[in-house]
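Each chain, written out:
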Number of protein chains: 2
Amino acid sequence: MDNPSEMKIAVRLNWDVIRAHSIERKLVNLTQTLADVGERAAIREITSVASSGLNGDDAAVLPSAPPNSRTVAATDLMVEGRHFLREWSTPREIGKKAILRNFADVEAMGARPVAALLAIAAPGDTPVPFVRGIAEGIAEHSSFYNAELVGGDLTKSDLLVINITAVGFLGGSLPALTLDGARAGQQVVAHGKIGHSAAGLALLERFGRNLPAGHEHLQPLIDAHCAPWLNPGRGVIARAAGVTAMTDNSDGLIQDCTTMAEHSCVHMDLDPQALQPEELLCQAADLLDCDPWEWVLSGGEDHTLIGTTAKEAPSGFRKIGTVTRGCGVTLGGTTPSYQKGWLSF
Amino acid sequence: MDNPSEMKIAVRLNWDVIRAHSIERKLVNLTQTLADVGERAAIREITSVASSGLNGDDAAVLPSAPPNSRTVAATDLMVEGRHFLREWSTPREIGKKAILRNFADVEAMGARPVAALLAIAAPGDTPVPFVRGIAEGIAEHSSFYNAELVGGDLTKSDLLVINITAVGFLGGSLPALTLDGARAGQQVVAHGKIGHSAAGLALLERFGRNLPAGHEHLQPLIDAHCAPWLNPGRGVIARAAGVTAMTDNSDGLIQDCTTMAEHSCVHMDLDPQALQPEELLCQAADLLDCDPWEWVLSGGEDHTLIGTTAKEAPSGFRKIGTVTRGCGVTLGGTTPSYQKGWLSF
């Protein structure tokens with residue numbers, strides 16, 4: 001705990017507010033820490049790589065949304081040692097993952113991410129380039145969505161904690177893709193890889209970042225864990241193409257489908273053929289001597305979009321199951337062998 | 001650091017998603033911790049006291065804004081031991097303060113707060129009633145703004161960190177109350193108390209929560225620190241009444257005015273008569289043998305709104321200075337004796 005005298009007075013960091021304090025500008029070098037340069041210089045590092053004309057006041061004012069739009073918001077915390085390790089992830093990857101987790105939640109409503117806010121609590125000995133790297137990852141992933149980092153907060157803490165809040169717009173009159181929109185007779189569809197992030201984590205746990213010789217081709221699994229990817233706009237496309245319920249595969253496929261099934265008061269039967277672990281997963285499982293189905297069914301953190309529709313699977317989506325009357329989730333009509341997903345405590 | 005095996009898989013907590021898992025509902029008693037009940041029951045505690053029909057999916061979809069509205073967003077972290085101490089603040093007060101800090105930033109744009117997202121990182125031994133208390137404080141303060149807690153995240157951490165993101169709407173065609181809108185010839189106006197939060201902190205540092213006999217009437221100062229208050233809607237009123245620039249007194253009056261003056265390329269001269277420390281501040285300063293001007297000029301964390309206008313001071317605002325050509329901030333024409341405000345590192 002800090003000396004209580006350090007608690008003095010509030011923090012409200014408006015990044016461009018601080019950027020304007022030009023008299024205090026200093027050059028930051030690679031060995032300097034947050035404590036060395038102070039918050040203003042650190043924030044300038046962030047805003048220099050993740051710049052936005054919207055960032056610059058007590059709060060960010062977003063551009064007018066299209067007519068008939070609604071605002072969508074999601075927030076997510078990442079704690080060092082729990083959601084990432086600096087030994088396993090580069091700062092850029094941490095920034096990318098932080099953005100993707102939140103933007104996937106916005107996409108899962110059928111909405112378009114437009115802005116992100118970043119709040120970092122970090123120890124004083126955190127290297128400035130580390131924070132800059134996080135901002136670079138955020139800027140890079142945000143740019144694919146035409147979204148910007150529009151504000152944030154930076155404060156001292158004994159533990160590194162990163163919070164992203166994503167804001168998006170949901171245009172037009174179609175309903176949002178909520179969890180309760182699945183109906184019997186529909187098919188379950190998915191866009192993106194399933195089980196790759198969990199496989200990557202298992203590889204990291206065994207080998208760290210150094211895959212054994214001859215197994216370097218498994219690197220995409222590690223990448224899927226450290227910096228997952230979701231094709232921008234898939235949620236918007238799904239909504240336009242008739243998807244009625246959607247979530248993202250964050251806690252584990254069976255758990256996320258169960259959540260959707262419970263909300264919609266339906267049963268889902270997933271197709272084991274469609275979910276058959278890919279070759280890369282099987283190779284990783286062989287190397288680690290484990291069952292790739294565990295990654296597919298209970299892995300999560302892929303941020304794959306999973307939805308239901310009575311129409312054709314939208315472009316980029318594939319059928320992975322069917323919705324029927326009843327409750328719960330089965331795999332090929334039977335209880336899945338792996339069901340457990342993430343629980344925080 | 002947690003066991004890396006606990007890092008498995010992602011966290012994406014959508015509170016009403018979890019609320020729907022009715023099969024796992026348990027009664028929470030006063031001695032239980034987050035580790036005892038698990039995240040779902042803890043989140044049910046939060047959503048039971050800070051309920052919202054908007055909370056319940058991957059992301060929150062806010063109601064349609066009035067025509068011609070823009071969305072405004074601000075975020076702010078509070079770290080235990082740095083921004084609050086459990087010995088000094090009740091959970092309700094911590095919740096109130098977390099909301100107020102963010103809503104003040106939205107009001108300082110002339111906008112109306114409509115929603116908040118709460119992300120908590122907390123140790124497993126955190127009592128559930130503590131988290132419930134934070135939610136109660138959030139719900140209470142939000143209700144004054146007709147705003148709701150619409151989503152959030154809860155995760156395990158060695159350190160208690162609370163992040164609030166506020167979302168607001170800025171209606172109509174008038175510009176937002178940015179920091180760069182002050183013009184020479186205007187007056188500086190303020191709504192709310194100045195220096196009270198810093199005085200309250202000084203009292204807490206000396207006496208904790210137990211004011212010495214005969215000084216109990218200083219309690220409002222402690223309250224101003226632990227749970228500051230801002231009359232809802234003052235920012236909206238100020239914008240309608242012709243205020244052109246605004247911020248809130250969060251880092252310290254001189255520092256916040258300096259930020260506004262720099263952004264607007266003007267000079268501000270504050271009026272020592274108008275800022276004369278109130279009787280309560282003088283009594284606290286006598287008790288602590290210190291100078292109440294330090295609290296007024298460099299205290300901050302009051303979240304008082306400070307603006308500039310060429311018109312009459314809006315209802316509830318008072319004149320505290322004038323804007324002239326030049327740069328910097330003076331007090332009665334001279335350099336203020338206290339200028340330093342909050343810096344994080």
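Just so we're clear, the structure is a prediction, and the values are computed from it rather than from any experiment.

J.: Residue-level account of the packing of aromatic side chains, with values.
T.: Residues and elements named next belong to chain B. One pass over the full model with this rule turns up 4 aromatic pairs over all chains. A centroid spacing of 4.9 Å and a plane angle of 70° characterise the contact between Phe103 and Tyr145, whose relative ring orientation is edge-to-face. Placement of the pair is Phe103 in helix 3 (residues 91-107) and Tyr145 in the loop between helix 4 (128-143) and strand 4 (148-156), with a sequence separation of 42 residues. No difference in accessibility class separates Phe103 from Tyr145, as the two residues are buried. Considering the side-chain rings of Phe144 and Trp229, the 5.0 Å spacing of their centres and the 90° angle between planes classify their relative orientation as edge-to-face. Taken together, the residues Phe144 in the loop between helix 4 and strand 4 and Trp229 in the loop between helix 6 (219-226) and helix 7 (234-240) connect sequence positions 85 residues apart. By relative accessible area, which is 42% here, Phe144 ends up partly exposed. Residue class for Trp229 comes out partly exposed when judged on its relative accessible area of 40%. One Lys or Arg, Arg86, reaches over the ring of Phe130 and ends 4.4 Å from the middle of that ring.

J.: Which residues make up the UniProt feature "binding site: Mg(2+) 1" (unreviewed entry) in chain A, and what values go with them?
T.: All names here are of chain A. In this structure's numbering, the residues bearing the UniProt feature "binding site: Mg(2+) 1" (unreviewed entry) are Thr75, Asp76 and Asp153. Structurally, Asp76 can be placed in strand 2 (residues 70-79). By relative accessible area, Asp76 is classed as buried at 2%. Polar side-chain contacts of Asp76 include one of 2.5 Å to the side chain of Arg101. Within the secondary structure, Asp153 is located in strand 4 (residues 148-156). Residue classification places Asp153 among the buried residues on the basis of a relative accessible area of 0%.

J.: Which residues make up the sheet that holds strand 9 (residues 305-309) of chain A, and what values do they have?
T.: Strand pairing in a sheet relies on backbone hydrogen bonds. The paired strands run either parallel or antiparallel. Residues and elements named next belong to chain A. Pairing is mixed in the open sheet, where 6 strands are placed in the order 7-9-6-10-8-11. A single partner strand is all that each edge strand has here, and the edge strands are strand 7 (243-248) and strand 11 (328-331). Averaged over all adjacent pairs, the angle separating strand axes in this sheet is 25°, with direction ignored. For strand 8 (residues 267-270) and strand 10 (residues 318-324), the ladder comprises 4 bridges, and the chain directions are antiparallel. Paired with Leu270 across the two strands is Gly321, which belongs to strand 10. Across the sheet, helix 8 (residues 253-264) is in contact with strand 7, strand 8, strand 9, strand 10 and strand 11; its angle to strand 8 comes to roughly 150°.

J.: I'd like a rundown of the interface of chain A and chain B, residues and numbers included.
T.: Tallying the contact residues gives 101 residues for chain A and 100 residues for chain B. Of the roughly 8200 Å² buried between chain A and chain B, counting both surfaces, carbon and sulfur atoms make up 60%. Counting across the interface, chain A meets chain B through 0 salt bridges. Our enumeration of links across chain A and chain B arrives at 14 residue pairs in polar contact (both at pLDDT 80 or more). With 9 residues, the top contributor of residues to the side of chain A that touches chain B is strand 2 of chain A. Among the residues making up the side of chain A that touches chain B, the classes are represented as 49 nonpolar, 28 polar and 24 charged.

J.: Just give me the short version of the sheet that holds strand 1 (residues 60-61) of chain B, but keep the residues and values in it.
T.: The 5 strands are arranged 4(A)-3(A)-5(A)-2(A)-1(B) in an open sheet whose pairing can be described as mixed. Two strands in the sheet have a free side with no partner beyond their single neighbour: strand 4 of chain A together with strand 1 of chain B. Relative to strand 1 of chain B, strand 2 of chain A runs antiparallel, the two being bridged by 2 bridges. Bridge pairing in strand 1 of chain B places Val72(A) opposite Val61(B). With respect to the sheet, helix 2 (residues 34-49) of chain A is in contact with strand 3 (112-122) and strand 4 of chain A, its orientation differing from that of strand 4 of chain A by roughly 170°. The sheet contacts of helix 3 (residues 91-107) of chain A involve strand 2, strand 3 and strand 5 (161-170) of chain A, and relative to strand 2 of chain A the element is tilted by about 145°.

J.: Can you tell me about the environment of Gly208(B), naming the residues and giving the values?
T.: All names here are of chain B. Turning to its location among the elements, Gly208 is positioned in the loop between helix 5 (196-207) and helix 6. Taking the C-alpha atoms as reference points, Gly208 and Arg234, separated by 26 residues in sequence, lie 32 Å from one another. Aside from chain neighbours lying at most four places away, what touches Gly208 is Trp88, Leu203 and Ile222.

What counts and what doesn't
- Residues numbered from 1 in each chain as written.
- Chains lettered and ligands numbered in written order.
- Predicted model: local features only at pLDDT ≥ 70, side-chain atom pairs only at ≥ 80, totals over all residues.
- Heavy atoms only, no water.
- Phe/Tyr/Trp six-rings, centres within 6.5 Å; stacked < 30°, edge-to-face > 60°.
- Helix = DSSP H or I, 4+ residues; strand = E, 2+ residues; numbered from the N terminus.
- Buried < 20%, exposed > 50% of the residue type's maximum accessible area, 1.4 Å probe, protein only.
- Lys NZ or Arg CZ within 6 Å of the ring centre and 35° of its normal.
- UniProt positions renumbered as here; feature names shortened; annotations may be inferred.
- Polar contact = N/O pair within 3.5 Å; in protein donor to acceptor, adjacent residues only side chain to side chain.
- Pairing = 2+ DSSP bridges.
- Axes fitted to C-alpha atoms, helices over the stretch in contact; angles between N-to-C directions.
- Contact = heavy atoms within 4.5 Å.
- Buried area = accessible area lost by both parts, 1.4 Å probe.
- Salt bridge = Lys/Arg side-chain N within 4 Å of Asp/Glu carboxyl O.
- Nonpolar A, V, L, I, M, F, W, Y, C, P; charged D, E, K, R; others polar.

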